[in-house]
Amino acid sequence: NVGPRWSFQRFAPEAPNRSARHRIDCIDCVMGVGSSSDLSVPEGGETFILTNPANCIVTKPKLTDSHKPLCLSMLDDSEWNQWHGELQRIVNQFWNELLPAIGMIFGLAGFIVIMGLTFLSIVFLPFWVQIIPPAVGLLSAIVSSSIISIRNTGLDIDIEDLCEKLTSSLGGRVRVEYRTAWTTCVKPRHARTARIIAFVPRPMVLGLGRAWLDA
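Residues numbered from 1 in each chain as written. Predicted model: local features only at pLDDT ≥ 70, side-chain atom pairs only at ≥ 80, totals over all residues. Heavy atoms only, no water.

Visitor: Pulling in residues and values, what's your account of the packing of helix α3 (residues 77–92) against helix α6 (residues 132–169)?
Guide: Where α3 contacts α6, the two axes come as close as 10 Å, and the packing angle between them is 170°. Classified by the interaxial angle, the pair formed by α3 and α6 is roughly antiparallel. Two secondary-structure elements touch here, α3 through W83, E86, L87, I90 and V91 and α6 through L155, D158, I159, L162, C163 and L166. Partitioned by chemical class, the residues of the contact of α3 with α6 number 9 nonpolar, no polar and 2 charged. (Axes fitted to C-alpha atoms, helices over the stretch in contact; angles between N-to-C directions. Helix = DSSP H or I, 4+ residues; strand = E, 2+ residues; numbered from the N terminus. Parallel < 35°, antiparallel > 145°, perpendicular 65-115°, else oblique. Contact = heavy atoms within 4.5 Å. Nonpolar A, V, L, I, M, F, W, Y, C, P; charged D, E, K, R; others polar.)

See the structure below:
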């Protein structure tokens with residue numbers, strides 16, 4: 001009996017479920033980063049992507065979705081608009097994570113100018129003066145990155161609290177999750193920043209949503 005059972009499992013493996021397949025796709029889109037961004041939701045659920053983990057360059061989160069998910073059909077439109085407006089207000093307060101690069105660019109440009117003038121024998125400056133522009137640029141990038149990271153982390157906490165409040169108001173019928181990955185200025189190489197709001201319905205809520213649409 002062992003032989004036939006092994007043969008069946010070897011040539012007819014169980015197909016992965018949708019959640020596992022979605023997670024595999026997410027791992028691929030972030031180029032094999034050790035920690036994947038979970039975009040999977042049950043059928044009838046939905047995600048609002050504020051910072052897409054597929055993007056190589058991170059600027060600031062954006063809220064592009066304004067519609068009410070199907071699984072929140074039991075929620076009054078005025079309550080949804082109020083919650084979404086509060087979410088939009090928080091998202092608008094995020095600082096652009098590319099700002100520190102501006103200091104580095106100016107510092108590098110200053111260094112190139114000084115080296116060019118020295119090479120052309122127009123000016124002769126000590127070496128310690130020549131390295132001032134890149135040093136100042138690097139220092140400003142480190143300081144500004146830390147400040148932006150602290151501010152944006154606080155806003156991430158505000159969004160998480162807002163999601164928890166909506167979950168509580170729904171009585172657990174739909175769980176609103178705020179999923180983040182690598183949102184600080186310290187991250188592994190090739191790591192991608194992700195900020196995702198997932199609306200995860202319970203099975204009975206999905207049935208109510210379909211009945212509401214049929215009606």
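That shown, we press on.
Visitor: Please give an account of the nonpolar core that cites residues and values.
Guide: Core analysis: the biggest nonpolar cluster contains 23 residues, and L72, W83, I159, I197 and F199 have the highest contact counts within it. At the level of secondary structure, the elements contributing two or more residues to this core comprise β1 (46–51), α3, α6, β2 (174–181) and β3 (194–201). (Core = buried A, V, L, I, M, F, W, Y, C linked by side-chain atoms within 4.5 Å. Buried < 20%, exposed > 50% of the residue type's maximum accessible area, 1.4 Å probe, protein only.)

Visitor: Could you give me a rundown of the environment of D156, with the residues and numbers involved?
Guide: Tracing the chain through its elements places D156 in helix α6. Residue class for D156 comes out buried when judged on its relative accessible area of 7%. Residues within four places of D156 in sequence aside, it is in contact with F94, Y178, T183 and R195. Among the polar contacts made by the side chain of D156, one reaches the side chain of R195 at a distance of 2.9 Å. (Polar contact = N/O pair within 3.5 Å; in protein donor to acceptor, adjacent residues only side chain to side chain.)

Visitor: Could you give me a rundown of a negative patch on the surface, with the residues and numbers involved?
Guide: Where like charges cluster on the molecular surface, the negative patch consists of D158, E160, D161 and E164. Relative to the assigned elements, E164 resides in helix α6. When its relative accessible area of 44% is taken as the criterion, E164 is described as partly exposed. (Patch = residues over 30% accessible without salt bridge, like charges linked within 9 Å, V, L, I, M, F, W, Y side chains within 5 Å. Areas by Shrake-Rupley, 256 points an atom, 1.4 Å probe, with all protein chains shown as cover. Salt bridge = Lys/Arg side-chain N within 4 Å of Asp/Glu carboxyl O. Lys, Arg positive; Asp, Glu negative; His and termini not counted. Charge placed at Lys NZ, Arg CZ, Asp CG, Glu CD.)

Visitor: Give a description of the pattern of salt bridges that names residues and reports values.
Guide: The tally for this structure, following the rule as stated, stands at 6 salt bridges. Across the salt bridge formed by R195 and D156, the nearest N and O atoms sit 2.9 Å from each other. Of this pair, R195 sits in strand β3 while D156 sits in helix α6, and the two are 39 residues apart along the sequence. For the pair R195 and D156, one class covers both residues: buried. Overlapping salt bridges bring together E97, D156 and R195 as one network.

Taken by themselves, the reported measurements are silent on function.
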